[in-house]
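Residue-level structural notes
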Amino acid sequence: MNCVALQTLHDHLLTALESVPEETRRLFHGRGRCWQGLEQVTVDWLQGIVLVSLFKEPDPTHLDDLNAMLLALATSPAWQHSKAHTLAMQHRYLPQSLTQWLVGQPIDECTLTEGGLRYRIDLGKKQNNGLFLDMRYGRDWVRVNAKGKRVLNLFAYTCGFSVAAIAGGARHVVNLDMSRAALSRGRDNHRLNGHDLSQVSFLGHDLFKSWGKVINSGPYDLVIIDPPTFQKGSFLLTKDYQRVLRRLPELLAADGTVLACSNDPATGPDFLIDGVIREAPGLVFEARLDNPPEFPDIDPECGLKALIFKATAPGL
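The following paragraphs examine the structure supplied in this document.

What counts and how
Residues numbered from 1 in each chain as written. Predicted model: local features only at pLDDT ≥ 70, side-chain atom pairs only at ≥ 80, totals over all residues. Heavy atoms only, no water. Helix = DSSP H or I, 4+ residues; strand = E, 2+ residues; numbered from the N terminus. Expected span 1.5 Å × (residues − 1). Buried < 20%, exposed > 50% of the residue type's maximum accessible area, 1.4 Å probe, protein only. Arc of directions from axis to C-beta. Contact = heavy atoms within 4.5 Å. Polar contact = N/O pair within 3.5 Å; in protein donor to acceptor, adjacent residues only side chain to side chain. Pairing = 2+ DSSP bridges. Axes fitted to C-alpha atoms, helices over the stretch in contact; angles between N-to-C directions. Phe/Tyr/Trp six-rings, centres within 6.5 Å; stacked < 30°, edge-to-face > 60°.

Remarks on helix H1 (residues 3–18)
- For H1, spanning 16 residues, the distance from its first C-alpha to its last is 23 Å, which sits close to the expected 22 Å at 1.5 Å a residue.
- Within H1 the residues assigned to the buried category are Ala5, Leu6, Leu9, Leu13, Ala16 and Leu17. When H1 is viewed along its axis, its buried side chains cluster within an angular range of 95° and face the same direction. For H1, the exposed residues lying more than 90 degrees away from the buried face are Cys3, Val4 and Thr15.
- On its buried face, H1 is in contact with strand E1 (25–29), strand E2 (41–45), strand E3 (49–54), helix H2 (60–73) and helix H3 (77–82).
- Sitting at the head of H1, asparagine 2 places a side-chain oxygen 3.1 Å from the backbone nitrogen of valine 4.

Details of the sheet that holds E2
- The 5 strands lie next to each other as E1-E2-E3-E4-E5, forming an open sheet whose pairing is mixed. Because the sheet does not close on itself, it has two edges, and the strands there are E1 and strand E5 (99–103). Between one strand axis and the next, the sheet turns by 20° as a mean value, whatever way the strands run.
- Those strands touched by H2 are E3, strand E4 (86–91) and E5, and its axis lies near 160° from that of E4.

A word on the packing of aromatic side chains
- Considering all chains together, one arrives at 7 aromatic pairs under this definition.
- Pairing phenylalanine 155 with phenylalanine 235 gives two aromatic rings, centres 5.0 Å apart and planes at 70°, and the pair type is edge-to-face. Pair noted here: phenylalanine 155 is in the loop between strand E8 (150–154) and helix H5 (160–167) and phenylalanine 235 is in strand E13 (residues 235–236), with a separation of 80 residues, a long-range link. The residues phenylalanine 155 and phenylalanine 235 share a single accessibility class, namely buried.
- An angle of 85° between the planes, with centres 6.0 Å apart, marks the rings of tyrosine 241 and phenylalanine 271 as edge-to-face. Of this pair, tyrosine 241 sits in helix H8 (residues 237–245) while phenylalanine 271 sits in helix H10 (residues 269–279), and the two are 30 residues apart along the sequence.
- Classification of tyrosine 241 by relative accessible area gives buried; the value is 1%.

Function cannot be inferred from these measures alone, as they are strictly geometric.
Following this line, the structure appears as structure tokens:
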């Protein structure tokens, strides 16, 4: 992160702050490797909060320069025009993902909007705040395609897909995640949007120990698979994804649809396509969803993969 890179970041943020979006968005995505020296930096607009995330420890001198640049930016006319009130820096490379509050008071929680829907997020306490902004088009797709459907949301986290599905008219959504705290936040998100919780189920279980519960609640018209790349003791993408795909014939209705996702930069779309061909051959690949334009990547194969598969025959 040399002076040229810092100037690039400054100029990008200055332009972004002059016309900030009404809803939450990423303002700068260095992790797509489109800007040399900024590969470990992202900046998010959280509707008044500017959150800078560092994914690798910078040289102390460069960190001082970055802090100075950001503090100067917070005194600019563009900052005032944006109505930003808080500037935070999250050090994602540290074990507790320490958050520094550079401007404004620390904020534990806030509510964001995306597509007119509301989501409660955590700040300063966890590595991930509760809403993955790169999955915006995925949530949009679910909202459009969920009407009247019974939906299974695997690795549900804070239930963003579930909120989108119910908003789109889903008949029922079953959310499964081993983190009960994340599912509790999912309930909050549904309540924020005035949803009828009788249409939503929350299973706080390890998927691989709970197939019976999941299968007995089916069959499902839409299955969403959006796992972490790695979760210690519970999930390794390259080993365990195929175990999920293998169960799809037991989960899906005869004309069911699957949205299978991966955010692992080391695996391309073929990892999912080949896995489905091998483990659930009755499904055919239909399309890959675009990623939002604010997430440019020098290699599209390395960005988020959200792929749609469709059942072609009864029983797959």
